[in-house]
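Letter by letter, the chains look like this.
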Amino acid sequence: MKTITSITEMQREAERLRAEGLRIGFVPTMGSLHEGHLDLLRLSRRHADVVVMSVFVNPTQFGAGEDFTLYPRNPERDARLAEDAGCDILFSPDADEVYPPGASTWVQVEGPDAILEGTFRPTHFRGVTTVVTMLFHMVKPHHAVFGQKDAQQALIIRRMVRDLHMDIELLVAPTRRDPDGLAMSSRNTYLSESARAEALAISRSLRLAQRYVVDGGRDAQALLRMVSDELTRTGALIPDYVALVDTDTLEAIERIGTTPVLLAIAARVGKTRLIDNTILRAETIES
Ligand code: PAF
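Reading guide: rules and limits
Residues numbered from 1 in each chain as written. Predicted model: local features only at pLDDT ≥ 70, side-chain atom pairs only at ≥ 80, totals over all residues. Heavy atoms only, no water. Helix = DSSP H or I, 4+ residues; strand = E, 2+ residues; numbered from the N terminus. Rg over C-alpha atoms; globule rule 2.2 N^0.38 Å. Buried < 20%, exposed > 50% of the residue type's maximum accessible area, 1.4 Å probe, protein only. Contact = heavy atoms within 4.5 Å. Areas by Shrake-Rupley, 256 points an atom, 1.4 Å probe, with all protein chains shown as cover. Lys, Arg positive; Asp, Glu negative; His and termini not counted. Charge placed at Lys NZ, Arg CZ, Asp CG, Glu CD. Pairing = 2+ DSSP bridges. Axes fitted to C-alpha atoms, helices over the stretch in contact; angles between N-to-C directions. Right-handed = clockwise from strand over helix to strand, strands pointing away. Near = heavy atom within 4 Å. Polar contact = N/O pair within 3.5 Å; in protein donor to acceptor, adjacent residues only side chain to side chain. Nonpolar A, V, L, I, M, F, W, Y, C, P; charged D, E, K, R; others polar.

The helix and strand inventory of the protein chain stands at 9 helices and 10 strands. What you see for the protein chain is a C-alpha radius of gyration of 19 Å, in line with the 19 Å of a compact globule of 287 residues. Principal-axis analysis of the C-alpha atoms gives the protein chain an extent of 55 × 40 × 40 Å. The burial tally for the protein chain puts 54% of its 287 residues in the buried class. In the protein chain, once contacts between residues fewer than 6 apart in sequence are set aside, the share between residues at least 24 apart is 72%. Accessible surface for the protein chain amounts to roughly 13,400 Å². Of this, 51% is attributable to carbon and sulfur atoms. The average position of the 33 basic charges and that of the 40 acidic charges among the side chains of the protein chain differ by 2 Å.

Dropping the structure here:
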């Protein structure tokens, strides 16, 4: 595995690979890798000749008072895991090079960036879409892979790629869960044993929702009440939102039908904020 830190070197390498007719797959991450990230890498591997993974803790997607400085960083372990999972190029640019002094350009997908996560993290998606655009210009990928766990992020990036006519295919990998059901996240390392046990209410409530639909339940309000009750049962979990929305527009829906809908949850356990989701539809259920 090659390691690149210079943006120019990454761009020259990408041009060289493209000139050879090779397909570049791209997995953007903020590091602190877990099996969920490695699933993205493996999916990319199946569709590309060369897989680039970036590790960059992007300062602009953290709001004031969020965990930018605390965000877990483990470059040696990340490099080992990435290489073992089949990464060809690990790209870790410097923050000063990505955001040189005076940088003042933003890429923003207005509308879907202001709801759900956007209500609680108003500048978050602007930071994500800006850095992802820059990374696309650096890595020049044929495809890029994102995780279903960040469903709103995947939708917003899809919208950005469409609106800006970026010639990049997007792939979305299913959420990887620990055996107890908790969706894998770099932020899970913040959880104490007891907080982790409380956090399991999130995946449990998603399973309850799936069961409700399998059993014929169709009413959005009843489903949302049931999920909220499960989340707040012990009082340890504070939901930021529980929403049942259209998977394309993120608009709230009233009844569950045969078109897929997204059940999205954000909740805090102590100081840790977790998100999770599932897709529901009348006949079949995905996790
Ligand atoms: O999903 C993430 O880890 C980040 O939001 C991303 C896409 C790498 C942008 O910094």
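Moving on from the coordinates now.
One open sheet accounts for 6 strands, arranged E1-E4-E3-E2-E5-E6; its pairing is parallel. Strand pairing shows two members of the sheet lacking a second neighbour, strand E1 (2–4) and strand E6 (169–173), which therefore form its edges. Here the strands of the sheet are splayed against their neighbours by 25 degrees on average, with no regard to which way each runs. With 2 bridges joining them, strand E2 (residues 24–29) and strand E5 (residues 143–147) adopt parallel strand pairing.

Let us look at the pairing of E6. Relative to E6, E5 is paired through 5 bridges, and the arrangement is parallel. Each bridged residue has a counterpart across the sheet, and for Phe146 the counterpart in E6 is Val172. Note that the unit made of E5, helix H7 (residues 151–163) and E6 has a crossover that is right-handed.

Take the site of the ligand next. Every residue lining the ligand is accounted for by Pro28, Thr29, Met30, Asn58, Gln61, Val128, Val131, Phe146 and Gln153. Gln61 places a side-chain nitrogen or oxygen 2.6 Å from an oxygen atom of the ligand. Between the ligand and Gln153, the relevant distance is 2.7 Å, taken from an oxygen atom to a side-chain nitrogen or oxygen of the residue. Look at the ligand: alone it shows 290 Å² of surface, and the protein chains cover 88% of it. For the shell around the ligand, the secondary structure elements donating two or more residues are E2 and helix H6 (124–139). Each residue belonging to the shell around the ligand can be placed in one class, and the counts come to 5 nonpolar, 4 polar and no charged.

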